[in-house]
There are 2 protein chains.
Amino acid sequence: MSRTLYDLAAARDDVRFSPYCWRIKMALKHKGLDWREVPWRFTEKNVIAFADSMTVPVLVDGDTVVADSWNIARHLEAHYPQAPTLFGGAQGEAHALFIKFWCEQTLNPQILRLIVMDLYARIHPQDKAYFRANREARFRTTLEALVVAPDQGLPALRASLAPVRAALEKQPFLGGERASFADYCLFGVFQWARAMSPITLLEPDDRVYAWRERLLGAFDGFASTLAPARA
Amino acid sequence: MSRTLYDLAAARDDVRFSPYCWRIKMALKHKGLDWREVPWRFTEKNVIAFADSMTVPVLVDGDTVVADSWNIARHLEAHYPQAPTLFGGAQGEAHALFIKFWCEQTLNPQILRLIVMDLYARIHPQDKAYFRANREARFRTTLEALVVAPDQGLPALRASLAPVRAALEKQPFLGGERASFADYCLFGVFQWARAMSPITLLEPDDRVYAWRERLLGAFDGFASTLAPARA
């Protein structure tokens, strides 16, 4: 069966930076599934209109079209139950939903403020006006006023990761002995930054760093093929 | 089989304010179990020395002694598997561990700073010197310098609850259709404040307020028998 993922790309076609698409690429690997990718830009709304969505990821799985990373993860869990589980049942999924929102609402805004000008510099030229207008409306300020310097933003970000660090002291992954979709939600945030910004978010002595290394090495180093952004 | 819970009490014997003990009382109710309670104060270390613990909750379940709320929850899940599940399996438990730490490391310190002088006023006189010395060492400042006014502390606390609010938009409990131990970890934080401080942490139009009401009503209103602190 053919599987197609619409995946957000930067100016360079091979720089895939969507945290939400990374969740799904890791989930597809987790399920042992193959797919082809269509590089997509923010302004190509017409290309994914068939999915009734304005954003990626969009997955076409045979005859099934699914948009939104959470819906796609649920689709994969339901349709490939023989493959390793992403959630581990109803409560595992319910708890993972909190972790997903924590990533989106606590971490993403902090990292965005650190990397926003790096993002702006590296997105496709055709996306720049859209990105600026959209983010400036969402945060009610200019990109230039939104950005914070690493020495200002990193301490708070690293402090926010305290509960991750504490959980990883007890178990190798948020999902326990194996990575779950909760891990992929968090990992996607770091891949977003890796793709687009040279800022060092994690120090090597951080337990979260070691966790990220484990996921960069997973599936034969699949996620490590994303080259880190250079200054 | 007899079951005994050592439960932190304030100056008044019936004011039980430990967020960690509340987790366990809700978990015991969830499992349909009975217990007797021994009111305990911070300075009564000798009373729980048999459990090799300096803090409560301590549960004596027949011949088994268990300390630490997480260990007790795991004990209840393992020993009463026929009763409703607290975790929903390995990943559910692993994800709940993150939520537990998020409550302890993100919410608790913020609420502590709001209610610390209320706590100090209401704990048992014999505990005051211990409480002051312990908390002042932990936070490296005086209680009087630690406290923040509601108009300063509440906006940040309510903002921190954003991922809870988002999850509760999709499901009635953090655990999904039913409350799980993750819910009880969060609920315990609110019971701690309810017992000891007149500050209104949640407004009635907050989705988290409605969630808390559901848990106050659970098990025939068991947790609502804790009288709210008055100014």
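The rules behind these values
- Residues numbered from 1 in each chain as written.
- Chains lettered and ligands numbered in written order.
- Predicted model: local features only at pLDDT ≥ 70, side-chain atom pairs only at ≥ 80, totals over all residues.
- Helix = DSSP H or I, 4+ residues; strand = E, 2+ residues; numbered from the N terminus.
- Buried ≥ 20, exposed ≤ 12 C-beta atoms within 10 Å, placed from the backbone.
- Least-squares fit on C-alpha atoms with pLDDT ≥ 70 in both.
- Contact = placed C-beta atoms within 7 Å.
- Nonpolar A, V, L, I, M, F, W, Y, C, P; charged D, E, K, R; others polar.
- Pairing = 2+ DSSP bridges.
- Right-handed = clockwise from strand over helix to strand, strands pointing away.
- Arc of directions from axis to C-beta.
- Axes fitted to C-alpha atoms, helices over the stretch in contact; angles between N-to-C directions.
- Domains from an automatic or database assignment.

(A) Quick look at the overall build of chain A. Helix and strand counts for chain A come out as nine helices and four strands. Reading chain A from its N terminus to its C terminus gives the helix and strand order β-α-β-β-β-α-α-α-α-α-α-α-α. Each principal axis of the C-alpha atoms in chain A carries an extent, and together these give about 50 × 45 × 30 Å. Out of the 231 residues in chain A, the part that is buried amounts to 42%.

(B) Looking closely at the relation of the copies chain A and chain B. Rotating chain A by 180° and translating it 0.0 Å along the rotation axis places it on chain B, where the RMSD comes to 0.0 Å. In symmetry terms, the pair is related by a two-fold rotation axis. Relative to the rotation axis, the closest C-alpha in chain A is found at Gly 92 of chain A, a distance of 1.8 Å. Interface overlap between copies is the fraction of interface residues in one copy that are interface residues in the other; for chain A against chain B it reaches 100%, indicating a shared surface.

(C) Main features of the interface of chain A and chain B. The interface of chain A with chain B comprises 28 residues on the first partner and 28 residues on the second. Broken down by element, the side of chain A that touches chain B gets its largest block of residues, 13 residues, from helix H3 (residues 90-122) of chain A. Considering only residue class, the side of chain A that touches chain B consists of 16 nonpolar, eleven polar and one charged.

(D) Layout of the pairing of strand S2 (residues 36-40) of chain A. All names here are of chain A. Strand direction decides the pairing type here: strand S1 (residues 3-8) and S2, joined by five bridges, are parallel. Bridge pairing in S2 places Tyr 6 opposite Val 38. Of the crossover connections in this fold, the one passing from S1 over helix H1 (residues 19-30) to the parallel S2 is right-handed.

(E) Quick peek at helix H9 (residues 207-221) of chain B. Residue and element names in this part refer to chain B. Turning to H9, its buried residues are Trp 211, Arg 212, Leu 215 and Ala 218. Mapping the buried residues of H9 onto a view down its axis gives an arc of 100°, with all of them on the same face. Relative to its buried face, H9 has exposed residues pointing more than 90 degrees away, namely Gly 217, Asp 220 and Gly 221.

(F) Inspection of the sheet that holds S2 of chain A at higher detail. Residues and elements named next belong to chain A. Ordered in space as S2-S1-S3-S4, the four strands form an open sheet in which the pairing is mixed. Of all strands in the sheet, those bounded by a partner on one side alone are S2 and strand S4 (64-67). On average, each strand axis in the sheet is inclined to that of its neighbour by 20°, with strand direction left out of account. With four bridges joining them, strand S3 (residues 58-61) and S4 adopt antiparallel strand pairing. Paired with Asp 61 across the strands is Thr 64, a residue of S4.

(G) View of the environment of Ala 156 of chain A. Looking at where Ala 156 of chain A falls in the secondary structure, it is placed in helix H6 (residues 150-160). Counting along the chain gives 47 residues from Ala 156 of chain A to Glu 203 of chain A, while the straight-line C-alpha distance between them is 14 Å.

(H) Summary view of the sheet that holds strand S3 (residues 58-61) of chain B. All names here are of chain B. Ordered by their spatial adjacency, four strands build an open sheet running S2-S1-S3-S4, and the pairing between neighbours is mixed. Of all strands in the sheet, those bounded by a partner on one side alone are strand S2 (36-40) and strand S4 (64-67). Pairwise comparison of adjacent strand axes, ignoring direction, gives a mean angle of 20° for this sheet. Of the strands in this sheet, S3 and S4 touch helix H2 (residues 69-79), which is tilted by about 140° from S4.

(I) Molecular detail of the domain arrangement of chain A. Residues and elements named next belong to chain A. Here chain A is described as being made up of domain 1 (3-79) and domain 2 (90-225). On a C-alpha basis, the centroid separation for the pair domain 1 and domain 2 is 18 Å. Domain 1 puts 18 residues into the contact, and the matching count from domain 2 is 22 residues. Contributing elements (two or more residues each) for the side of domain 1 that touches domain 2: H1 and helix H2 (69-79). Of all the elements, H1 adds the most residues to the side of domain 1 that touches domain 2, at seven residues. Classifying every residue of the side of domain 1 that touches domain 2 gives twelve nonpolar, two polar and four charged.

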